[in-house]
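The residues making up each chain are set out below.
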Amino acid sequence: MARSYSVYDVFTDRKLAGNPLAVVFDGDDLRDDAMQAIAKETNLSETVFVQPSGNPAYTAKIRIFTPGRELPFAGHPTVGTAIALAERAHGNSTIDLVSVLEENVGPVRCAVRLREGEASFAEFDLPRKSQQITMPLDKLGIANALSLKTTEIGFENHVPSLWSAGVPFLMIPVHDVGASQRMDFDPQLWETTVPFVDGALASAYIYCRGGVNHVAKFHARMFASGMGIVEDPATGAAVAALSGAIHHFDRLTDGHHGVMIEQGVEMGRPSFIHLHMDVEGGAIANARIGGQAVRIASGTLDL
């Protein structure tokens, strides 16, 4: 059976940057093992399989697979799929619309902006607020796994901490962009140092203030050997988790806070992730993640 698919570069407005995503539009009769095998074949950080939703109010149900396992939720697949489905339905037109994607984490509401001649933009409400996971952490072991000095771990009052908005990440603040660029991730040391959360190895999200691009407030890198990902150029689920750490350590005041995070710079695939947080009564009331995406390929899978 021929199944149509497209590949999008996500969290970028230009091709061959950002984080590539495969979207298989005809995934309703594929078994779990077949979807996992296809994701391993594409060898991208995530591959999405679009299926009909049992709820007529939802645009589609999507399943998200890394080369190693299925995820309940992920940011760049949500942004990329929302844009892919909108462009598939409306073509190269100018329109604003709202869609709801059914993911394993629950329904995810997306706002999509299509503009003729421009890269499309999508933004989604976090299906879960970021929550801190309290576990003992080995700062020396973390530093060794990153080939950094312990004095380079942390900045201001930011210290390593575990957070999850559906997928757990060990947030590791480092002193500056230079430390982020200089670090050398050792997956073997990482696996012997960091905790498992809900049966899965916590992924590494390294971040610092500032960025190579002047619009960025934070610079980040992500490593997820447990998912079969060596390094990821853009990770929306990690930014969703990071929202909790930013609010916790920066003690955000009530009101709206917009943050731009750059990622993928060291990989030659710069990505820009928009994070918006609304703080009320000292807590995050709402948070949204958004970005642009451009289609780079389309075709069929003969499966």
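Our subject is the structure that appears above.
Quick notes on the rules
- Residues numbered from 1 in each chain as written.
- Predicted model: local features only at pLDDT ≥ 70, side-chain atom pairs only at ≥ 80, totals over all residues.
- Heavy atoms only, no water.
- Helix = DSSP H or I, 4+ residues; strand = E, 2+ residues; numbered from the N terminus.
- Rg over C-alpha atoms; globule rule 2.2 N^0.38 Å.
- Contact = heavy atoms within 4.5 Å.
- Areas by Shrake-Rupley, 256 points an atom, 1.4 Å probe, with all protein chains shown as cover.
- Buried < 20%, exposed > 50% of the residue type's maximum accessible area, 1.4 Å probe, protein only.
- Arc of directions from axis to C-beta.
- Salt bridge = Lys/Arg side-chain N within 4 Å of Asp/Glu carboxyl O.
- Core = buried A, V, L, I, M, F, W, Y, C linked by side-chain atoms within 4.5 Å.
- Pairing = 2+ DSSP bridges.

Engineer: Before we move on, can you summarise the overall build of the chain with the specific residues and values?
Structural biologist: When its secondary structure is counted, the chain shows six helices and 19 strands. Taking 303 residues into account, the globule formula puts the C-alpha radius of gyration at 19 Å, and the chain, at 18 Å, falls close to it. Projected onto the principal axes, the alpha-carbon positions of the chain cover approximately 55 × 40 × 35 Å. Sequence-distant contacts in the chain: of pairs separated by 6 or more residues, those separated by 24 or more amount to 63%. Only carbon and sulfur atoms are counted for the fraction: they give 49% of the accessible area of the chain, which is about 12600 Å².

Engineer: Which residues make up the environment of Ile-62, and what are the values?
Structural biologist: Considering the arrangement of structural elements, one finds Ile-62 in strand 4 (residues 60-65). Residue classification places Ile-62 among the buried residues on the basis of a relative accessible area of 1%. The spatial distance from the C-alpha of Ile-62 to the C-alpha of Leu-252 is 34 Å, given a sequence separation of 190 residues. Other than its neighbours up to four places away in sequence, Ile-62 contacts Val-48, Phe-49, Val-50, Thr-81, Leu-101, Glu-102 and Glu-103.

Engineer: How would you explain helix 1 (residues 32-42) if you had to name every residue and give the values?
Structural biologist: Listed in full, the buried residues belonging to helix 1 are Met-35, Gln-36, Ile-38 and Ala-39. End-on, the buried residues of helix 1 take up no more than an arc of 160°, which puts them together on one face. Opposite the buried face of helix 1, by more than 90 degrees, sit the exposed residues Lys-40 and Glu-41. Buried positions along helix 1 lie against strand 3 (46-51), strand 4, strand 5 (70-71) and strand 19 (283-302).

Engineer: Give a description of the pattern of salt bridges that names residues and reports values.
Structural biologist: Taken as a whole, this structure holds 14 salt bridges when the rule is applied. For Arg-221, the salt bridge goes to Glu-231, with nearest N and O atoms at 2.9 Å. With Arg-221 in strand 15 (residues 218-224) and Glu-231 in strand 16 (residues 229-232), this residue pair connects regions lying ten residues apart in the sequence. By the burial criterion, Arg-221 is buried, and Glu-231 matches it. Taken together, the shared-partner salt bridges in this structure form one network comprising Asp-32, Arg-63 and Glu-70.

Engineer: Now, about the nonpolar core: what can you tell me, with residues and values included?
Structural biologist: One finds Phe-169, Met-171, Tyr-205, Tyr-207, Ile-261 and Ile-289 to be the most contacted residues of the largest nonpolar core, which totals 64 residues. The greatest single-element share of this core, amounting to nine residues, is contributed by helix 6 (residues 236-250). Among all residues touching Ile-261, those that are not within four sequence positions of it are Tyr-205, Phe-218, Ala-220, Val-239, Leu-242, Ser-271, Phe-272, Ile-273 and Leu-275. Membership of the second largest hydrophobic core comes to 23 residues, among which are Ala-145, Leu-146, Trp-190 and Leu-201.

Engineer: Any details on the pairing of strand 17 (residues 255-263)? Residues and values, ideally.
Structural biologist: Of the strand pairs in this sheet, strand 15 and strand 17 are connected by three bridges, and their pairing is parallel. Across the sheet, His-219 pairs through a bridge with Glu-262, a residue of strand 17. Sheet topology places strand 17 next to strand 18 (residues 271-280); nine bridges connect them, and they run antiparallel. In the strand pairing of strand 18, Glu-262 is matched with Phe-272.

Engineer: Explain the environment of Leu-301 to me, using residue names and the numbers behind them.
Structural biologist: By the secondary structure assignment, Leu-301 is in strand 19. Here the alpha-carbon distance between Leu-301 and Ile-38, two residues 263 residues apart in the chain, equals 9.4 Å. Not counting the four nearest positions on each side in its chain, Leu-301 is found in contact with Met-1, Ala-2, Arg-3, Tyr-5, Val-24 and Ile-38.

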